[in-house]
Amino acid sequence: MTDKYAVIGNPIEHSKSPLIHQAFAKQTKQDISYEKILAPLDGFVEKISELIKLGYKGVNITVPFKLQAFQLATKLSARAQYAGAVNTLSFNGVDIVGDNTDGAGLVRDIEDNLHIPIAGKRILLIGAGGAAEGVLHPLLACKPALLVITNRTLAKAEAMLSKVKAQTETSVCVCGLDDLHTQQFDIVINATSTGLSDTALPLPSTIFSQDCLAYDMMYGRETPFMCLARSHSAQVVDGLGMLVEQAAEAFYGWRGIRPMTPVVMLMIKEST
Ligand code: ATR
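Residues numbered from 1 in each chain as written. Predicted model: local features only at pLDDT ≥ 70, side-chain atom pairs only at ≥ 80, totals over all residues. Heavy atoms only, no water.

A. Local environment of the domain arrangement of the protein chain. As far as domains go, the protein chain holds domain 1 (3-100 + 242-271) and domain 2 (103-238). When each unit is reduced to the centre of its C-alpha atoms, the spacing between domain 1 and domain 2 is 25 Å. Domain 1 puts 15 residues into the contact, and the matching count from domain 2 is 15 residues. At the boundary of domain 1 with domain 2, total buried surface from both sides reaches about 1200 Å², with 61% on carbon and sulfur atoms. Sorting the residues of domain 1 by area buried against domain 2 places Y82, M242 and E245 first, and these three jointly supply 51% of that buried surface. Here domain 1 and domain 2 share 1 salt bridge between them. A salt bridge links R108 to E249, with the shortest nitrogen-to-oxygen separation between them at 3.7 Å. (Domains from an automatic or database assignment. Contact = heavy atoms within 4.5 Å. Buried area = accessible area lost by both parts, 1.4 Å probe. Salt bridge = Lys/Arg side-chain N within 4 Å of Asp/Glu carboxyl O.)

Here it is in structure tokens:
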């Protein structure tokens, strides 16, 4: 019997997850279906109950339901607990198991696809919303030399810092966007939503070291952050690799098989 999976969000029309998971299934010869499902903004929990009754095996969760999925899960992986958000649910008998594969996806893209080891690097993480929170712990687990969190609202960056400070040997600190002009980084990650509105972040161009990787977690457009980094000779990468790698990590959790991602990344790139 075909095992059923889906991605749930609102809006959901733009989601590439069905394309990605269907490609993984074909490649690994898994008999699964994967569709996109729109849940009403006030009807996420009801939608999940409905899918469980219909025999679905798991779902990916996207905006704006990652926090509700975290609250709904009866069991949580360690990385979901650290992130405070869930992007993957598995329905295992009575349990609703929550996981977060976003950070693992980012790390895998940087280290395995781009061949840039994170250990020993100076990282600037821009943003203190859900996206930044999801990747902070996995980045720290790679033992960078330094990780600086910056955000428009500094109090949110400080709250994020206070959650991880005691648990890491890495030097982690918070810095205002205005105070970055004396520092240089090897990896600069934009985890803000500014790309959505084409808003430029007030970043000094001096933050990009020679051979710097500038990574925008957003996929599908050239953001002002990417333009700025490109004009200062950074290696500029968008969130396509992270998108495919977080999906591969979810697929592995559900099916126990790790798909090959480069061929799927290429397919998605060509389809847009
Ligand atoms: P997500 O789940 O995508 O992380 P979010 O939790 O709403 O969404 O967080 C959005 C992030 O983008 C925050 O870091 C936000 O900064 P604030 O904490 O100051 O709100 C950042 N952001 C959004 N619009 C921004 C803008 N115009 N300038 C600077 N930062 C912005």
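B. Representation of the sheet that holds strand β10 (residues 185-190) in the model. Judged by pairing direction, the sheet is parallel, and its 6 strands sit side by side in the order β9-β8-β7-β10-β11-β12 without closing on themselves. Edge strands, defined here as strands with exactly one partner in the open sheet, are β9 (171-174) and β12 (235-237). Between one strand axis and the next, the sheet turns through 15° on average, direction left out of account. As defined by bridge partners, strand β7 (residues 122-126) adjoins β10 across 4 bridges and the pair is classed as parallel. (Pairing = 2+ DSSP bridges. Helix = DSSP H or I, 4+ residues; strand = E, 2+ residues; numbered from the N terminus. Axes fitted to C-alpha atoms, helices over the stretch in contact; angles between N-to-C directions.)

C. Main features of the sheet that holds strand β1 (residues 3-9). An order of β2-β1-β3-β5-β6-β4 is seen for the 6 strands of this open sheet, with the pairing classed as mixed. The two strands at the open ends of the sheet, each matched to only one other strand, are β2 (32-38) and β4 (75-76). As judged from the 4 bridges shared by β1 and strand β3 (residues 58-61), these two strands associate in the parallel manner. Within β3, the position partnered with A6 by the bridge is V59. Against the sheet, helix α1 (residues 17-28) touches β1, β2 and β3, its axis set at about 175° to β2.

D. Here's a closer look at the packing of aromatic side chains. Tallied over the entire structure, the rule returns 5 aromatic pairs. Site record: aromatic cluster; members linked through ring pairs are Y5, Y34 and W254. (Phe/Tyr/Trp six-rings, centres within 6.5 Å; stacked < 30°, edge-to-face > 60°.)

E. The site of the ligand, seen in detail. Close to the ligand lie 14 residues, the nearest being A131, N151, R152, T153 and K156. S193 has a polar backbone atom sitting 3.1 Å from an oxygen atom of the ligand. Considering the ligand on its own, with 640 Å² of exposed area, one finds that the protein chains cover 69% of that surface. Its residues assigned to classes, the shell around the ligand shows 3 nonpolar, 9 polar and 2 charged. (Near = heavy atom within 4 Å. Polar contact = N/O pair within 3.5 Å; in protein donor to acceptor, adjacent residues only side chain to side chain. Areas by Shrake-Rupley, 256 points an atom, 1.4 Å probe, with all protein chains shown as cover. Nonpolar A, V, L, I, M, F, W, Y, C, P; charged D, E, K, R; others polar.)

F. Region of interest: the pairing of β2. Pairing analysis gives 7 bridges linking β1 to β2, with the strands arranged parallel. Bridge pairing links K4 to S33 in β2. Between β1 and its parallel partner β2, the chain crosses via α1, and the hand of that crossover is right-handed. (Right-handed = clockwise from strand over helix to strand, strands pointing away.)

G. Broad picture of the nonpolar core. If you look at the biggest cluster of nonpolar residues, it comprises 29 residues, and the most contacted ones within it are L106, I110, L125, L139, L147, I189 and Y215. Only α5 (102-113), β7, α6 (130-141), β8 (146-150), α7 (154-164), β10 and β11 (208-216) provide two or more residues apiece to this core. With 5 residues, α6 is the single largest residue contributor to this core. Among all residues touching L125, those that are not within four sequence positions of it are A132, V135, L136, L139, L147, V148, I149, T150, M160, I189 and A191. (Core = buried A, V, L, I, M, F, W, Y, C linked by side-chain atoms within 4.5 Å. Buried < 20%, exposed > 50% of the residue type's maximum accessible area, 1.4 Å probe, protein only.)

H. Spotlight on the environment of V86. Of note, V86 is situated in the loop between α4 (78-83) and β5 (88-92). You can call V86 buried: its relative accessible area is 0%. Residues within four places of V86 in sequence aside, it is in contact with I61, K66, A69, F70, L76, A80, G98, D99 and N100.

I. Here's a closer look at the side chain of N100. Counting through the fold element by element, N100 comes out in the loop between β6 (95-99) and α5. Using a relative accessible area of 3% as the deciding quantity, one classes N100 as buried. Within the structure, the side chain of N100 is placed 2.9 Å from the backbone nitrogen of D102, a separation counted as a polar contact. The contacts of N100, once residues within four sequence positions are left out, are S77, R79, A80, A83, A85, V86 and N87.

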